[in-house]
Amino acid sequence: MTVLLRPKPLGDYKVREFRMLIDGQWVAGAEGRTIERVAPGHGVVVSRYQAAAKADAERAIAAARRAFDGGPWPRMTASERSLVLLRAADMIAARADELAFLDAIESGKPISQAKGELAGAADIWRYAAALARDLSGDSYNTLGEGTLGVVLREAIGVVSIITPWNFPFLIVSQKLPFALAAGCTTVVKPSELTSASTLVLGEILEAAGVPAGAVNIIVGTGPEAGAPLTTHPDVDMVSFTGSTGVGRLTMANAAQTLKKVSLELGGKNPQIVFPDANLDEFIDAAVFGAYFNAGECCNAGSRLILHRDIAEEVTARIASLSAKVKVGDPLDPETQVGAIITPQHLEKIAGYVTAATGEGAAVSHGGAALDLGIGQFMAPTVLSAVRPEMAVAREEVFGPVLSVLTFETAEEAIRIANSIDYGLSAGVWSRDFDTCLTIGRRVRAGTIWMNTFMDGASELPFGGYRQSGLGRELGRHAVEDYTETKTLNMHLGQRTS
Ligand code: NAD
């Protein structure tokens with residue numbers, strides 16, 4: 001059984017109409033086409049966007065280029081830029097309920113969770129504002145008397161920012177304020193499924209004092225609106241979050257003109273659990289980590305690697321806790337698991353479960369789509385008897401599906417954890433410090449949680465090893481990522497050699 005909260009119909013909800021932001025103007029697309037977003041939890045159109053064609057992407061890039069080469073944003077003092085970012089943070093906090101509503105209704109995520117993401121996003125804008133004032137280089141007076149070496153950090157230039165649908169406002173907030181803090185200008189393309197909150201962010205940034213052309217926002221599909229942002233010679237850097245496949249394509253496109261790329265990609269994150277762990281804490285964290293954002297989360301703890309001695313008991317307890325998870329209406333404050341992003345994606349998730357059971361996995365809970373009358377939903381699902389070579393244990397399912405694998409020795413657990421292409425995050429649970437540290441050092445992932453899972457903070461760098469990405473976001477070097485290094489090698493007085 002699963003606790004179901006049936007979505008309440010939206011009644012006379014008025015569809016929101018959005019234009020694109022190019023060079024300080026809210027404009028229609030060159031070809032006059034629109035994109036409509038059907039709310040995944042409610043089955044009705046909630047937003048209508050202007051669809052960008054290649055020509056719109058090129059107009060936005062040209063505006064960003066002009067704003068970088070001659071506009072005020074890169075020429076302001078760090079203190080002035082910081083003040084704009086702080087004002088933006090206050091406005092984000094003031095409009096948090098509206099922004100959270102837009103993310104919840106377009107992505108299907110629970111409203112309570114969307115509100116948490118907005119609080120986190122406002123904090124990131126404040127953190128970036130602080131870092132803006134601390135961007136510095138180095139100087140060397142050790143090169144010989146009469147010489148001085150100065151290492152400058154300069155804004156890299158025009159940055160394309162491409163984001164996915166699963167954390168619409170949070171992910172643009174992990175990129176844009178840091179690019180702006182460095183003095184870059186930008187073209188932002190959110191996912192065409194969840195563009196509303198990013199467009200409202202455009203209004204906020206205008207009101208906060210970001211000058212025309214410094215932030216341009218276009219909406220459209222990847223091949224039409226996204227691809228030009230990765231190939232155009234006037235773009236200096238691409239900051240991309242999304243699937244590993246499109247990340248690979250982005251890197252290949254950027255290679256044509258040797259742009260810098262930053263990639264935040266997929267994950268298949270293991271949680272390794274030893275018999276001496278606090279199992280009550282772990283079971284709570286496992287259920288949260290697997291079903292947060294309906295499992296549509298790069299950080300989902302979707303691979304449990306349990307010690308054989310505790311596997312049966314722990315799996316049974318996780319299955320029974322899964323039955324208490326409330327699934328349904330994204331707008332109900334009680335909901336813990338909302339809707340699945342599209343009907344096609346729901347089919348893909350269910351397909352992974354069918355394939356796994358065909359290969360010998362057992363369903364300990366859930367296992368199928370849920371019919372709530374409207375929208376598309378998936379039951380929280382626990383699969384046991386999963387073997388490391390099965391697709392469900394190696395590939396990103398991106399749904400509320402937990403795979404349980406087992407191990408006997410720490411070496412075996414490490415081998416299973418490292419046996420796939422991803423390396424975004426991992427968890428280890430044990431009361432023994434040596435065990436946690438050994439696993440923490442040997443599992444190849446960008447974040448290792450010890451006796452906790454999925455906590456984060458603006459100060460902590462985030463990103464992946466191997467095919468989970470390239471580069472890190474957040475943390476104190478986040479602004480530096482959007483800079484070039486320039487060496488000034490100076491000779492003082494008469495040159496002697
Ligand atoms: P996606 O790769 O399909 O799309 C991401 C963005 O890229 C969208 O804006 C899309 O329109 C655009 N795009 C698609 N094709 C493109 C192309 N040819 N050129 C340029 N842009 C193109 O990903 P998604 O389905 O929106 O998001 C889910 C994926 O994102 C998952 O794999 C998830 O793990 C990953 N993700 C990673 C992180 C992280 O920080 N590591 C965070 C969130 C999501």
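Quick summary incoming for the structure in this document.

Calculation notes
Residues numbered from 1 in each chain as written. Predicted model: local features only at pLDDT ≥ 70, side-chain atom pairs only at ≥ 80, totals over all residues. Heavy atoms only, no water. Helix = DSSP H or I, 4+ residues; strand = E, 2+ residues; numbered from the N terminus. Buried < 20%, exposed > 50% of the residue type's maximum accessible area, 1.4 Å probe, protein only. Polar contact = N/O pair within 3.5 Å; in protein donor to acceptor, adjacent residues only side chain to side chain. Contact = heavy atoms within 4.5 Å. Lys, Arg positive; Asp, Glu negative; His and termini not counted. Salt bridge = Lys/Arg side-chain N within 4 Å of Asp/Glu carboxyl O. Near = heavy atom within 4 Å. Areas by Shrake-Rupley, 256 points an atom, 1.4 Å probe, with all protein chains shown as cover. Pairing = 2+ DSSP bridges. Axes fitted to C-alpha atoms, helices over the stretch in contact; angles between N-to-C directions. Phe/Tyr/Trp six-rings, centres within 6.5 Å; stacked < 30°, edge-to-face > 60°.

You can see His307 is positioned in strand E15 (residues 303–307). By relative accessible area, which is 10% here, His307 ends up buried. Polar side-chain contacts of His307 include one of 3.1 Å to the backbone oxygen of Glu408. Leaving out residues up to four positions away in the same chain, His307 has contacts with Val273, Phe274, Pro275, Phe407 and Glu408.

Turning to the side chain of Glu396, a few remarks are in order. With respect to the element layout, Glu396 can be found in the loop between helix H13 (391–394) and strand E21 (401–407). Buried charge without a partner: Glu396 forms no salt bridge, and the closest opposite charge is Lys348, 6.9 Å away. Polar contacts involving the side chain of Glu396 include one to the main-chain amide nitrogen of Gly267, which spans 3.1 Å. What Glu396 contacts, discounting residues up to four positions off in sequence, is Gly266, Gly267, Lys268, Cys298, Tyr352 and Tyr422.

Let's shift gears to the site of the ligand. The full set close to the ligand counts 27 residues, and Thr163, Trp165, Ser243, Leu265 and Glu396 are the nearest of them. At 3.5 Å, a side-chain N or O of Glu264 approaches an oxygen atom of the ligand. One of the backbone N or O atoms of Leu265 is found 2.7 Å from a nitrogen atom in the ligand. Here the ligand, which alone exposes 850 Å², has 89% of that area covered by the protein. Mapped by element, the contributors of at least two residues to the shell around the ligand are helix H8 (222–231), strand E12 (237–241) and helix H9 (244–255). At three residues, the largest contribution of residues to the shell around the ligand is made by H8.

This part is about the sheet that holds strand E6 (residues 45–50). One open sheet holds the three strands; their spatial order is E2-E6-E5, and the pairing between them is mixed. The sheet terminates laterally at strand E2 (16–18) and strand E5 (34–38), the two strands that pair on one side only. Pairs of neighbouring strands in the sheet enclose a mean axial angle of 20°, with direction left out of account. Relative to E6, E5 runs antiparallel, the two sharing five bridges. Across the sheet, the residue bridging to Ile35 is Tyr49, located in E6. Together, E2, E5 and E6 form the strand contacts of helix H3 (residues 96–107), whose direction differs from that of E6 by roughly 100°.

Even without glycine at this site, Arg466 takes up a positive phi of about 45°. Assignment of secondary structure puts Arg466 in strand E25 (residues 465–466).

Now for the packing of aromatic side chains. On inspection of all chains with the given rule, the structure shows nine aromatic pairs. Summarising the aromatic geometry, the rings of Phe274 and Phe407 are spaced 5.2 Å apart at their centres and angled 70° between planes, so their arrangement reads as edge-to-face. Residue Phe274 is located in the loop between strand E14 (270–273) and helix H10 (279–291), and its partner Phe407 is located in strand E21; the two are separated by 133 residues in the primary sequence. Given a relative accessible area of 9%, Phe274 falls into the buried group. Ring centres of Phe288 and Phe292 lie 5.1 Å apart, and the angle between their planes is 45°; on these two criteria the pair is classed as tilted. Classification of Phe292 by relative accessible area gives buried; the value is 18%. Members of the aromatic cluster, joined through ring pairs, are Phe167, Phe288 and Phe292.

Here we take up the sheet that holds strand E24 (residues 447–450). Spatially, the seven strands line up as an open sheet ordered E17-E20-E21-E15-E14-E23-E24, and their pairing is mixed. Edge positions in the sheet fall to strand E17 (362–365) and E24, since each of these pairs with one other strand and no more. Between one strand and the next, the sheet's axes are offset by a mean angle of 25°, whatever the strand orientation. The sheet contact formed by E14 and strand E23 (residues 425–429) spans three bridges and is parallel. If you follow Gln271 over to E23, its bridge partner there is Gly427. Packed onto the sheet, helix H11 (residues 308–322) meets E14, E15, E17, strand E20 (381–384) and E21 and runs at close to 135° relative to E15.

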